[in-house]
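# Results of the structural survey
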Amino acid sequence: MASSTVRPEDQDRLAGEDVARRLLDSAAKLSYDPATEVDWNTPLDTAHHGASPEWSTLYGTAYWQELADEQRKALTRQEAASVASTGIWFEMILQQMVLRDMYAKDPTDPRFQWALTEVADECRHSIMFARGAAKLGAPAYRPRRPVVELGRAFKTLAFGEAAYAAILVAEEVLDVMQRDWMRDERVAPFVRTINNIHVVEESRHMKFARDETRRRLRTAGPLRRQINSLVVAIASYYIVTSMVNRDVYANAGLDGPRARAEAKANEHHKSLMRSSCSGLMEFLASARLLTRPALFFYKRAHLI
């Protein structure tokens, strides 16, 4: 008599396929085309912020109190553009890691098809962010050269849970701040639309990244878990600390050295980052990726 017992690896595969199918169904019902959804034609209204002012790296500092309202708005527009540019940089890393992970795999597998759907989303998001940053009147902000080269190595070498957990960190940090921005009427309407599109579509990406991270960690031994927890933490540190470029202050007409010094010591912003990442840290802890060496980098990035 044949056994009806399903092997654990088959159960794992079927569960992953079910998640992917549900994500594909969701994408078919609720996706956006930024080319038509975002108002690209109306000129920028400088009466609006580019991000919720509470998320500014200078909010709560003595320098912030000295700034005129127009200067604060100019600063948040530059900061929002910098976050968008950093998002483009990491989305390009993400796309390459996902494509490499799916290379030569079964194209009939729903996970394969979802992966390509995610890459298509990220391509649209990157173009959307690029157009948004340009409309905010910002230059092309890029991470520092050493960080760019570290990103080049990471996208080439990271695999499995290290790739998907790092993807999750980048998406979760953006998600929390953008949920605030998209609801804030002080923020420019086209920026709110961009944030809404990104939040809706990235929620599916985060679901997939969480599922893939858990699934791949099931077979990970202690050494692999230790190594990848550190890789993810280092990647997270450089992603988060690259979000706001050091040149945003001068480009907003501020005293760059003073602004950078006060931003670096800004306890309000550090506290905001920690509180916004509490859910992410709980997930990493449940996945046993918050090792002592990893915690060092999360604390340096003020994520915990």
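Chains are numbered independently. Their residues run from 1 in the order of the written sequence. For this predicted model, a pLDDT threshold of at least 70 governs which residues receive local features, and a threshold of 80 or more governs which side-chain atom pairs are given and counted, while totals over whole chains, interfaces and linings are taken from all residues. As a convention, hydrogens and water are excluded, and side-chain values are obtained from all of the structure's heavy atoms.

## Observations concerning the packing of helix α7 (residues 160-183) against helix α8 (residues 189-217)
Helix axes are fitted to C-alpha atoms over the stretch in contact, other axes to C-alpha atoms as well, and angles between N-to-C directions run from 0 to 180 degrees. By definition, any uninterrupted DSSP run of H or I lasting at least four residues is a helix, any uninterrupted run of E lasting at least two residues is a strand, and each is numbered from the N terminus. It is the contact of α7 with α8, at a shortest axis distance of 8 Å, that shows an interaxial angle of 155°. As far as their axial angle goes, α8 and α7 are roughly antiparallel. Here α7 runs over α8; the crossing is left-handed. Residues that form the contact of α7 with α8 fall into these classes: 12 nonpolar, 7 polar and 11 charged. Just so you know how the angles are binned, under 35 degrees is roughly parallel, over 145 roughly antiparallel, 65 to 115 roughly perpendicular, and the rest oblique. Handedness of a crossing follows from how the near helix is turned relative to the far one, being left-handed for an anticlockwise turn of less than a right angle and right-handed for a clockwise one. Gly counts as polar in this scheme, as do all residues outside two lists: the nonpolar Ala, Val, Leu, Ile, Met, Phe, Trp, Tyr, Cys and Pro, and the charged Asp, Glu, Lys and Arg.

## Regarding the packing of helix α4 (residues 69-102) against helix α5 (residues 110-135)
When two helices pack together, their arrangement is given by the angle between the helix axes and by the axis-to-axis distance. Between α4 and α5, whose axes approach to 9 Å, the crossing angle comes to 160°. By the angle between their axes, α4 is roughly antiparallel relative to α5. Handedness of the α4/α5 crossing: left-handed.

## Observations concerning helix α14 (residues 292-300)
Burial classes follow relative accessibility: with a 1.4 Å probe on protein chains only, a residue under 20% of its type's maximum area counts as buried, one over 50% as exposed, and anything between as partly exposed. Looking only at α14, the buried set comprises Ala294, Phe297 and Tyr298. Buried residues along α14 cover an arc of 100° about the axis, so they all sit on one side. Exposed residues lying more than 90 degrees from the buried face of α14 are Arg292 and Lys299. Check the buried side of α14 and you find it contacts α9 (222-241) and α13 (278-286). In this description, one arc is meant: the one made by directions from the helix axis to the C-beta atoms. Contact definition: two residues touch when any of their heavy atoms are within 4.5 Å.

## Some points on the environment of Val148
Along the chain, Val148 falls in helix α6 (residues 145-157). Each C-alpha atom of the pair Val148 and Arg179 lies 27 Å from the other, and the pair is 31 residues apart in sequence. Among all residues touching Val148, those that are not within four sequence positions of it are Trp89 and Pro143.

## Focus on the nonpolar core
Residues belong to one nonpolar core when they are buried, are Ala, Val, Leu, Ile, Met, Phe, Trp, Tyr or Cys, and are joined through side-chain atoms within 4.5 Å. Grouped together as the largest cluster of nonpolar side chains are 92 residues, with contacts concentrated most on Leu58 and Val173. Of all the elements, α4 adds the most residues to this core, at 14 residues. Dropping the residues within four chain positions of it, Val173 is found in contact with Val240, Met243, Met273, Cys277 and Leu280.

## Here we look at the environment of Trp64
Among the secondary structure elements, Trp64 is positioned in helix α3 (residues 62-66). For Trp64, a relative accessible area of 3% translates into the label buried. Taking the C-alpha atoms as reference points, Trp64 and Ala134, separated by 70 residues in sequence, lie 25 Å from one another.

## Thoughts on the packing of aromatic side chains
Stacked, edge-to-face and tilted are the three classes for Phe, Tyr and Trp ring pairs, Trp counted by its six-membered ring, which pair at centre distances within 6.5 Å; planes under 30 degrees apart are stacked, over 60 edge-to-face, the rest tilted. Enumeration over the complete set of coordinates arrives at 7 aromatic pairs. Arranged with centres 5.2 Å apart and planes meeting at 85°, the rings of Phe296 and Phe297 form a pair that is edge-to-face. The partly exposed category is assigned to Phe296, whose relative accessible area is 47%. Put simply, the rings of Tyr237, Tyr238, Phe296 and Phe297 touch in pairs and so form one group of aromatic residues. Between the NZ or CZ atom of Arg210 and the centre of the ring of Phe283, over which it lies, the distance is 4.8 Å. By the criterion adopted, a ring carries a charge over it if an Arg CZ or a Lys NZ lies within 6 Å of its centre and within 35 degrees of its normal. Here Arg258 stacks its cationic end above the ring of Tyr63, 4.2 Å away from the centre of that ring.

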